[in-house]
Amino acid sequence: MFGEKALDLIRELHRSRDGTLGPYNEDVVRQILEEMQILYEANQEDVAQVVQNDSDQSSLTAIQVRHDSLQRNKRCLLAYLYNRLMKIRDMRWEFGSVLPPDIRRNMSEREVQWFSNYNRSLSSYMRSIGPRGLDLTQDLKPPQNVFIEVRCVEDRGEIELDDGSRILLKKNSMHFLPRSQCERLIRQGILKQVA
Amino acid sequence: MLITDPVNDFFNKVKHERVLVMVALDVDALCACKILQALFKCDHVQYTLVPVINKSQLIKEFEEHKEQYKHIVLLNCGGNIDLLHILDPSEDISFYVIDSHRPIDLVNFFCEQQIYMLLKHDEDEIAAIPDYDSIYRDYDSDDEDSENDETEQVSKRHRFDEATLEKRRERKKWEEKRKEIIFDYEEFSFYGPSAAMLVYELAWKMSKDNNDQLWWAITGVADQFQNKKIGRDKYVSSVLELQGHMSRLNHRDEDDDNTKSVNSVKISFEHDLDLALYRHWSLFESLCHSLPTASAFKVWTNMGIKRLHQFLAEMGLPLTQCKQNYSFMETKMRDNLQSLVEESAEKFGLRNIKYQSFSAQCGYNHRLCASDAVYSVGALLEKLYSKDSQAAGENSNFVDSLDSLSRVTAPKMQDGLELAKLQLQAIKSSVSSFIDIGQILSYGPFLYTAVREGMPDYKYFGKPIFLNLFSHFLLNSYVRSLNKTKRERAKNLPLVICAPFNVDDGTTIIIGIPPLADESRKNLFGNAFLHAAERTKSRTSHESFDSSIITLKNEDLSKFLDALITIMS
Amino acid sequence: MDDLLNVSGVSNDDSDEEHLTAAQVLEKLEQAWMNERLSPNLMECKSQIVEIMLEQIEEMEANIQRAQKGDLKISLHRLELDRIRYVVSSYLRCRLEKIEKFAPILLEREKSKSDDEPSKLSPEEFAFAKELVGNVDNHFKSSALKHMPRNLQNIALHEITSRPNLDHYVFLRVHQREEGVIVDPETDDHAEDRVDLEVGAQHLMRYQPIEQLVENGAVSLI
């Protein structure tokens, strides 16, 4: 049936609603485009025939059906692409400007291109805020206290804090540090906050 | 250098700096750590916590962190070793040592800068430390000259002057006296006041103490008593102080019922039964596994079990009740338990069945008494892991134990209690088999026994806290199991136990504990082990902060023991 | 808040209309933040307030650095700064999300509006929106559209993206008296259903009729 493949794509989107980005389904996209091409060509023929032969209106419904299928395919395809872009956009906010390799693998070339363009736009916007720019990906939660106690979950070696001092992050060591320094590391999973 | 004013000389100095806290792996140190954490959090002092299990780990962690921290606090470690010599720190690093191990290394005590010891202002303690002048002495220029001249062969008349000879003689006498003083001072190792107690007093002086911190201080002191690190009198005097603090912080309950919320920690003082974990176990199990009752009733014999049943019958407690979980016992039996036990105690030879203790209650949960907390945290610290996850597991023990102390009702505390039960069961079964087989031998100046690798639960024995608990249990039970004449002699004998430590490396761990009769708990094995090792050139490592626990290679064991016998005779 | 800023010695901004104390600026910022978060449509950009606030933050930071170490006030000030920075970030993030969602429509509106109507997007936001739309458009074209049959290759993004839901019901509090607000202008030809908004009253209404009132501060969303 026409439009089945397009529905598959939508189903795929629906299944991955939990936030993971599945691999870019190059095959199905290609198949849909091919189907559209076939439908279009068939329609061309029929329209030509109808134009030529004014009395033969029998293929009008067929033309209509094909036309609707084409529209549907187009809509589903665009929805698929758009929703993936939105997921990728969310990844930028979650992981920062460098994506983990296993997510990159699931993106098509053009999506990677889109991601870097988005990154660029976002960075230039953030830089333009206020006198020195403001990183909007920080401070995602209202701060409760200035210092928090954290426990180091994996070995990370030495890191440098904003005031110049260095801390050695060894597995299972516990630290009491300013919240702003820890936020990024907590999001990366290196530190864990102790209640 | 001794700190006289901990608030200004210690806390205010580190308040604006970043601090590295090195914590030894015993319950007292962990409690001190929790109190210190609370104080630091209050004042926004940035800190890093690092667990250290022995001297080499102390050195390693110091090497890794020395670039980043200028102020280092040592809890229950480093007091009895020469820190400057071992760590060789740069000039700007300061060490603040809160250690209950004694004797304090003299260099640490007399060093003017860099090493700061926080001690209780106990007259006796400080008096016990020798005078500065008897240990250190400036070289006189005359002495120096006389030294140099002696090497020359040129005979000058003034060398045989009375004055220089006199000086030389005096110097020799002084040096001999010095050796003697130091020897006396370092002969016995023992424990001073609990580190947790010291940190709690610091908090109190800053008026930042509260019930939670008091509970940690109580747990620290209870740890010392339970592991027989201090004798009863020292324990009682610490308890007296803690009582003072407790009544100060908890007295409001009496005036008005509604001042304290239900979910806050309430601490109460009581004369509690010295039964291990009895509130979390069944009464019968607890009686079988607690040191005083197990040794009095000799529960490893059938007669012993019968006597235990008799004891319970005397008290009027049906057996079914006693074998049930304590919380499901009938309330009127639970309420009368203490008085019943007291009455029947004398008849069955149970001495010191009651002791002074504290318990904490939070909300409507069951009460947790101090000794329960000590068992639980100790068990968590030494939790065993299967071979593959060994390294990963050991590191998280420290964090888990800290977690379990964080609240009285912490879920990890329950896990710890279960582990403690397993440990106590292992102890009891090992003790039973040892005494049955008669594996405890008298080597002359001390009693000796060895844990073989094939024994069940042998893995537990490689851990110091467990080994310590086991040794005391064993000594007590063994002495009780002897007849009257032998018992008198055995009471004055110390005990040495060796157990497999690391099967792959082929090492054994040895612990020595002082005799039962010695209330002061002064342990001479630290030095004895050192001498024995030197004499026989055994490959030993005296790594532990507690000098009476060492490890050595299996092959050197027998010659080491022979040397030990000779030294101690 | 005044105390905080008096420490830093700054109490006036350099807004060209009125002299506002820093506390008032913060209040305005918080109000704008609440409105932005609760409204379904993008509100006017209060970039002035944002600029002023960020400058204040910088000054306060500098003051903290200069202050004596160990002063109790430092921690309090730092927390206050963190919280203000959070509000600013959250405000801008919220706007950015709405811009990303409705970008094509907003751009159309900007193109078609008259010059004296205030723009809802700041110049930077406008640039960002344009880039975003261009980016998405390119992506569509290169991934799918150019492979499609010729008569389907065009799309008008601003027609197919979802529109802000102006029928969303919002809670509001009234600050200035308004008479005769028409609740339902579309269905109500005779303009019979009117509501008088008293000061201090709280209402639950459709967003669309009161949109203008929110913009000029007569009511605020709660």
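All of these numbers come straight from a predicted model, not from anything done at the bench. (Residues numbered from 1 in each chain as written. Chains lettered and ligands numbered in written order. Predicted model: local features only at pLDDT ≥ 70, side-chain atom pairs only at ≥ 80, totals over all residues. Heavy atoms only, no water.)

**Focus: the overall build of chain A**
Working step 1: In terms of helices and strands, chain A carries six helices and five strands.
Working step 2: Start at the N end of chain A and walk to the C end: the helices and strands fall as α-α-α-α-α-β-β-β-β-α-β.
Working step 3: For chain A, the C-alpha radius of gyration of 26 Å lies well beyond 16 Å, the compact-globule estimate for 195 residues.
Working step 4: Judged by the C-alpha coordinates and their principal axes, chain A covers about 85 × 40 × 30 Å.
Working step 5: Residues classed as buried in chain A amount to 45% of the 195 residues present.
Working step 6: Contacts spanning at least 24 positions in sequence make up 61% of the contacts within chain A whose residues lie at least 6 apart.
Working step 7: Summed over all atoms, the accessible surface of chain A reaches about 10,700 Å², with 49% contributed by carbon and sulfur.
Working step 8: Between the mean site of the 29 positive side-chain charges and the mean site of the 29 negative ones, chain A shows a separation of 7 Å. (Helix = DSSP H or I, 4+ residues; strand = E, 2+ residues; numbered from the N terminus. Rg over C-alpha atoms; globule rule 2.2 N^0.38 Å. Buried < 20%, exposed > 50% of the residue type's maximum accessible area, 1.4 Å probe, protein only. Contact = heavy atoms within 4.5 Å. Areas by Shrake-Rupley, 256 points an atom, 1.4 Å probe, with all protein chains shown as cover. Lys, Arg positive; Asp, Glu negative; His and termini not counted. Charge placed at Lys NZ, Arg CZ, Asp CG, Glu CD.)

**Considering the sheet that holds strand β1 (residues 169-174) of chain C**
Residues and elements named next belong to chain C.
Working step 1: Read across the open sheet, the three strands follow the order β4-β1-β5; overall the sheet is antiparallel. Every other strand in the sheet has two partners, leaving β4 (202-206) and β5 (219-221) as the edge strands with one partner each. Sheet twist, expressed as the average angle between the axes of neighbouring strands with direction ignored, equals 40 degrees.
Working step 2: The pairing of β1 with β5 spans three bridges and is antiparallel. Bridge pairing in β5 links Leu-172 to Leu-221.
Working step 3: Packing against the sheet, helix α2 (residues 22-38) makes contact with β1 and β5, and its axis sits at approximately 65 degrees to β5.
Working step 4: Where helix α7 (residues 207-215) meets the sheet, its contacts fall on β1, β4 and β5, and the angle it forms with β4 comes to roughly 120 degrees. (Pairing = 2+ DSSP bridges. Axes fitted to C-alpha atoms, helices over the stretch in contact; angles between N-to-C directions.)

**Focus: a nonpolar patch on the surface**
Working step 1: A surface patch of nonpolar side chains, amounting to about 560 Å² of accessible area, comprises Met-34, Leu-38, Tyr-169, Phe-171, Leu-204 and Ile-222 of chain C.
Working step 2: By the element assignment, Ile-222 of chain C lies in the segment after β5. (Patch = residues over 30% accessible without salt bridge, like charges linked within 9 Å, V, L, I, M, F, W, Y side chains within 5 Å. Salt bridge = Lys/Arg side-chain N within 4 Å of Asp/Glu carboxyl O.)

**Observations regarding the confidence of the model for chain A**
Working step 1: Averaged over chain A, the pLDDT score is 83; the fraction of residues at 70 or greater is 99%.
Working step 2: Within chain A, the lowest mean pLDDT, 81, falls on helix α6 (residues 179-188) of chain A, and the highest, 89, falls on helix α5 (residues 109-128) of chain A. (pLDDT = per-residue confidence, 0-100.)

**Topic: the UniProt feature "domain: DNA replication complex GINS protein PSF1 C-terminal" (unreviewed entry) in chain A**
Working step 1: UniProt annotation of "domain: DNA replication complex GINS protein PSF1 C-terminal" (unreviewed entry) refers to residues 146-194 of chain A when read in the numbering used here.
Working step 2: The span residues 146-194 of chain A is 20% helix and 45% strand, and its two end C-alpha atoms sit 14 Å from each other. (UniProt positions renumbered as here; feature names shortened; annotations may be inferred.)

**Overview of the domain arrangement of chain A**
Working step 1: In terms of domain boundaries, chain A breaks down into domain 1 (4-128) and domain 2 (147-193).
Working step 2: For domain 1 of chain A versus domain 2 of chain A, the distance between C-alpha centres works out to 42 Å. (Domains from an automatic or database assignment.)

**Remarks on the domain arrangement of chain B**
All names here are of chain B.
Working step 1: Domain parsing of chain B yields domain 1 (6-129), domain 2 (210-421) and domain 3 (440-568).
Working step 2: Taken over C-alpha atoms, the centre of domain 1 sits 30 Å from the centre of domain 3.
Working step 3: Listed per partner, the contact involves 14 residues of domain 1 and six residues of domain 3.
Working step 4: Both sides together, the interface formed by domain 1 and domain 3 hides about 710 Å², and carbon and sulfur atoms give 61% of it.
Working step 5: Counting the surface domain 1 buries against domain 3, the share from its top three residues, Asn-54, Lys-55 and His-101, is 51%.
Working step 6: Linking domain 1 to domain 3 there are zero salt bridges.
Working step 7: There are four residue pairs in polar contact (both at pLDDT 80 or more) connecting domain 1 and domain 3.
Working step 8: If one sorts the elements of the side of domain 1 that touches domain 3 by residue count, helix α3 (residues 55-65) sits on top with three residues. (Buried area = accessible area lost by both parts, 1.4 Å probe. Polar contact = N/O pair within 3.5 Å; in protein donor to acceptor, adjacent residues only side chain to side chain.)

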